[in-house]
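The primary structure of each chain is shown beneath.
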Amino acid sequence: MQHNEPKPRRKLAIKLALLVFLVLMGWIVYDLFGPRTARLREFDADEVALLETAMWRSYYDKKVLHQSSRSLSKAVKVWL
């Protein structure tokens, strides 16, 4: 006689994978078609240049870039 315990576990794994897939697809759709705002007047080219220079300098020096929270928040605002 066979013992069929893996079936409920497999069903749970399939349901979990489906849930993760659906959440991921929802996120992608929202990211592609969701509302966006562009505020070009808030763009600070000098700050972006400083961040970019620091990033490349740390890359070529093979060091981890440590930024202040202020600079990091400004970099995130550029992407939003």
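Draft legend 1. Structural view of the overall build of the chain. Within the chain, the secondary structure is distributed over three helices and zero strands. Scanning the chain from its N terminus toward the C terminus, one meets helices and strands in the order α-α-α. Burial analysis of the chain (80 residues in total) assigns 8% to the buried set. If you sum the accessible surface of the chain, you get close to 8400 Å²; carbon and sulfur atoms cover 65% of it.

Draft legend 2. Fine view of helix α2 (residues 45-60). The end-to-end C-alpha separation of α2 is 22 Å, in line with the 22 Å expected for 16 residues at 1.5 Å each. Among the residues making up α2, those that are buried are Glu47, Leu51 and Ser58. The buried side chains of α2 occupy one side of the element, clustering within an arc of 35 degrees when seen end-on. Facing away from the buried surface of α2 by more than 90 degrees, the exposed residues are Asp46, Arg57, Tyr59 and Tyr60.

Draft legend 3. Spatial organisation of a positive patch on the surface. A surface patch of like charges, here positive, comprises Lys7, Arg10, Lys11 and Lys15. In this structure, Arg10 sits in helix α1 (residues 6-33). Judged by relative accessible area, Arg10 falls into the exposed class, the value being 61%.

Conventions adopted
Every residue gets a number counted from 1 within its own chain, in the order that chain's sequence is written. In keeping with the predicted nature of the model, local features appear solely for residues at pLDDT of at least 70, side-chain atom pairs appear and are counted solely at 80 or more, and the whole-chain, interface and lining totals rest on all residues. Note: side-chain values were computed over all heavy atoms of the structure, leaving out hydrogens and water. Numbered from the N terminus, helices here are DSSP runs of H or I no shorter than four residues, and strands are runs of E no shorter than two. Three exposure classes are used, based on accessible area relative to the maximum for each residue type with a 1.4 Å probe and protein chains only: buried under 20%, partly exposed in between, and exposed over 50%. The accessible surface values rely on the Shrake-Rupley method and a 1.4 Å probe; as for residues, cover is taken only from the protein chains in view. For a helix, the expected span equals 1.5 Å multiplied by the residue count minus one. The arc refers to the directions leading from the helix axis to the C-beta atoms. Two distance rules govern patches: like charges are joined within 9 Å, and nonpolar side chains (Val, Leu, Ile, Met, Phe, Trp, Tyr) within 5 Å, applied only to residues with over 30% relative accessible area and no salt bridge. Here a salt bridge means any side-chain nitrogen of Lys or Arg lying within 4 Å of a carboxyl oxygen belonging to Asp or Glu. Only four residue types enter the charge count: Lys and Arg as positive, Asp and Glu as negative, with His and the chain ends excluded. Every charge is mapped to an atom, namely NZ of Lys, CZ of Arg, CG of Asp or CD of Glu.

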